[in-house]
Amino acid sequence: MGGSSPEIMGNVSRIESPPTAREFEVTLLGSRSGYGESIVLRVGEKSWAVVDSFLDTNRVPVAMRYLETIGVDPAGSISFVVATHWHDDHIRGLANILESSPEAQFCCAAALTKKEFMTLVGALEGNPFSTAGSGLSELHKVFSLLGERGKSPSLALPNRLVFRQNFCNQNFCKIWSLSPSDAEFKRFLQVIGREIRREDAPKKRLVSSDPNEIAVALWVDIGEFALLLGADLEKRGWTEILQSKERPSGLASIIKIPHHGSKNADEPGVWHCMLQPKPIAVLAPWCRGRGVLPTSEDVKRILGRTPSAYATASHIVRKRQIHQENKIVTQTLRESGIAFRDLASLPGVVRLRRELDQGEWNIETFGNAGRLVDYAA
Ligand SMILES: [Zn+2]
């Protein structure tokens, strides 16, 4: 269960506390229904980045709602927005975020699926959205907006510095994209090339990469420490990253576990070559129909690598249960006169904060989030 009402109310008072001036923050937000993941990063004293997005029950991007909750005006503070890939559980509301953040730089993978590419080209030419399909309408909205603003996106490729900003004093926040790989980009060019030269009957069928295979994994470097944000990148992508001699050096102390903890995204070499021993691991569970990630085997495997693992949900909360819980919470708040109307739509939150020159991470969980050891698939 998501906790009794007093517990939830206790969380609210704490979640509202903003970071101190020299505190770095990375917060993973996960939908209570298991379909939505978003990361909020503090990248400067008054500057924030958002990686992926989903909407709350009022159709507001949860990342923006979270920033408001800690007293940050999202419109004036979001300077970098990333779409790791164009799957629905990662992108809903990205266009809203960009729309309200005119100065924000947008970043997405340089490689696309054929449908994504066609949608992108249509949006840049000012055509209305026509193709139905996962993630495509959000992609169309984002690129229409960029087109109107005359702005180009930062295109993610291996080992590309996509963001750099002074955090405070001598500390810089640098963000590198690690993927999609050159091999995936070449495949993208081949698929589009064949589409253009239709008269040449292809010798061999060539299909677009799966969006997860071209997802953008990110390396975030704050000088004293680093983070690895794994998106939904699967095994083949990680093998390419590990083989790259040019990737940023160092060992990350935090990993956002790729692809909701699934086995097909697990590459042991990542733990040996890119992470400190027993790093802090965070993940957002995923649920669609009967499919649930992580499975109990996944949980066991991850806990075998690090005991310091957290999930945005201790279990998947089904839709009917959310509705019931929302009713109870709303009623409790009304009775106690608290004016936080959107509490019921709060997602699971795993928040990690650390003073720039101190070694300890402060780990907090809110809502339905908790330790992975307590997670039940
Ligand atoms: Zn996903």
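Up top is the structure these notes are about.
Here's what I pulled together on the structure shown here. (Residues numbered from 1 in each chain as written. Predicted model: local features only at pLDDT ≥ 70, side-chain atom pairs only at ≥ 80, totals over all residues. Heavy atoms only, no water.)

Check the secondary structure of the chain and you find 12 helices and 18 strands. Buried residues in the chain amount to 56% of all 377 residues. A separation threshold of at least 6 residues defines the contact pool for the chain, and within that pool the share at least 24 residues apart is 70%. Just so you have it, the chain exposes about 16,800 Å², and 51% of that area is on carbon and sulfur atoms. (Helix = DSSP H or I, 4+ residues; strand = E, 2+ residues; numbered from the N terminus. Buried < 20%, exposed > 50% of the residue type's maximum accessible area, 1.4 Å probe, protein only. Contact = heavy atoms within 4.5 Å. Areas by Shrake-Rupley, 256 points an atom, 1.4 Å probe, with all protein chains shown as cover.)

Turning our eyes to something else, we now look at the nonpolar core. With 39 residues, the main nonpolar core has Trp86, Phe106, Val142 and Phe143 as its most contacted residues. Those elements giving two or more residues to this core turn out to be strand S3 (47-51), helix H2 (62-69), strand S4 (78-83), helix H5 (94-100), strand S5 (105-109), helix H6 (114-124), helix H7 (136-149) and helix H8 (182-196). Residues Ala49, Phe163, Val216 and Ala284 belong to the second largest nonpolar core, which totals 36 residues. (Core = buried A, V, L, I, M, F, W, Y, C linked by side-chain atoms within 4.5 Å.)

Read across the open sheet, the eight strands follow the order S6-S5-S4-S3-S2-S1-S16-S17; overall the sheet is mixed. Of all the strands in the sheet, just strand S6 (154-156) and strand S17 (362-366) have a single pairing partner and so form its edges. Averaged over all adjacent pairs, the angle separating strand axes in this sheet is 15°, with direction ignored. Of the pairings in the sheet, the one linking S3 to S4 comprises four bridges and is parallel in character. (Pairing = 2+ DSSP bridges. Axes fitted to C-alpha atoms, helices over the stretch in contact; angles between N-to-C directions.)

By the element assignment, Gly367 lies in the loop between S17 and strand S18 (370-371). Residues Gly367 and Ala313, spaced 54 residues apart in sequence, show a C-alpha to C-alpha distance of 8.1 Å.

The next subject is the coordination of the zinc ion. Protein-derived ligands of the zinc ion are Asp89 (OD), His90 (NE2), Asp232 (OD) and His260 (NE2), with the metal-ligand distances lying across 2.1 to 2.3 Å. Taken together, the four donor atoms coordinating the zinc ion and their angles of 85 to 157° define a geometry best described as irregular. (Donors = N, O, S within 2.8 Å, 3.2 Å for Na, K, Ca; no water. Tetrahedral: all angles 85-135°; square planar, octahedral: opposite > 155°, others 65-115°.)

Moving on: empty space enclosed by the protein. A probe matching the size of a water molecule, rolled over the atoms, marks out where space remains unfilled. Applying the stated criterion to the full structure yields seven cavities of 30 Å³ or more. Of the voids in this model, the second largest cavity is the one considered here, and its volume is about 80 Å³. In terms of lining residues, the second largest cavity is bounded by Ile255, Ile257, Pro258, Gly261, Ser262, Ala265, Asp266, Glu267, Val270, Trp271, Arg301 and Ile302. Listing elements by their share of the lining of the second largest cavity, those giving two or more residues are helix H10 (268-273) and helix H11 (296-305). Along the lines of polarity and charge, the residues of the lining of the second largest cavity split into seven nonpolar, two polar and three charged. (1 Å grid on protein atoms, 1.4 Å probe; cavity = no way out; pocket = protein on both sides within 12 Å on 5 of 7 lines; lining within 4 Å. Points joined across faces, edges and corners; volume = space filled by probe spheres on them. Nonpolar A, V, L, I, M, F, W, Y, C, P; charged D, E, K, R; others polar.)

Okay, H2 next. In terms of residue burial, H2 counts as a mostly covered element, since seven of its eight residues are buried. Residues of H2 that are buried: Val62, Ala63, Met64, Arg65, Tyr66, Leu67 and Thr69.

Moving on: the pattern of salt bridges. For the coordinates displayed, the defined rule picks out 15 salt bridges. Residue Glu213 pairs with Arg236 through a salt bridge whose shortest N-O separation is 3.3 Å. A residue pair is termed long-range when its members are at least 10 positions apart, and Glu213 in the loop between H8 and strand S9 (218-221) and Arg236 in helix H9 (residues 235-243) qualify at 23 residues. The exposure class assigned to Arg236 is partly exposed, which follows from its relative accessible area of 42%. (Salt bridge = Lys/Arg side-chain N within 4 Å of Asp/Glu carboxyl O.)

Strand order across the open sheet formed by eight strands is S7-S8-S9-S10-S11-S12-S15-S18, with mixed pairing between neighbours. Each end of this open sheet is capped by a strand with a single partner; those strands are strand S7 (160-168) and S18. Bridge analysis of strand S8 (residues 171-177) against S9 gives four bridges, and the strand direction is antiparallel. In the sheet register, Ser177 faces S9, and the bridge partner there is Leu218.

As enumerated under the stated definition, the model contains 10 aromatic pairs in all. Seen in terms of ring centroids, Phe185 and Phe188 are 5.9 Å apart; in terms of plane orientation they differ by 50°. Their pairing is tilted. Taken together, the positions of Phe185 and Phe188, both in helix H8 and three residues apart, correspond to about one turn of that helix. Classification of Phe185 by relative accessible area gives partly exposed; the value is 27%. Taking 5.0 Å as the distance between ring centres and 75° as the angle between the ring planes, the aromatic pair formed by Phe225 and Trp361 counts as edge-to-face. One end of the pair, Phe225, is in the loop between S9 and strand S10 (226-229); the other, Trp361, is in the loop between strand S16 (348-355) and S17, and 136 residues separate them in sequence. The exposure class of Trp361 is buried, given its relative accessible area of 12%. One aromatic cluster is present, formed by Phe24, Phe167, Phe225 and Trp361 through successive ring pairs. The ring of Phe172 is capped by Arg164, whose NZ or CZ atom sits 4.3 Å from the centre of that ring. Sitting above the plane of the Tyr35 ring, Arg288 keeps its charged end 4.1 Å from the centroid. (Phe/Tyr/Trp six-rings, centres within 6.5 Å; stacked < 30°, edge-to-face > 60°. Lys NZ or Arg CZ within 6 Å of the ring centre and 35° of its normal.)

Now for unusual backbone geometry. What you tend to see is this: most non-glycine residues have negative phi, and most peptide bonds are trans. Residues Ser179 and Pro180 are joined by a peptide bond in cis, for which omega reads 5°. A cis geometry characterises the amide bond from Leu293 onward to Pro294, with omega recorded as -5°. With respect to the helices, strands and loops of the structure, Pro294 is situated in the loop between strand S14 (291-293) and H11. For Lys278, which is not glycine, the phi torsion reads 50° and is therefore positive. Examined against the element boundaries, Lys278 turns out to sit in strand S12 (residues 275-283). Lys278 sits in the exposed class, given a relative accessible area of 59%.

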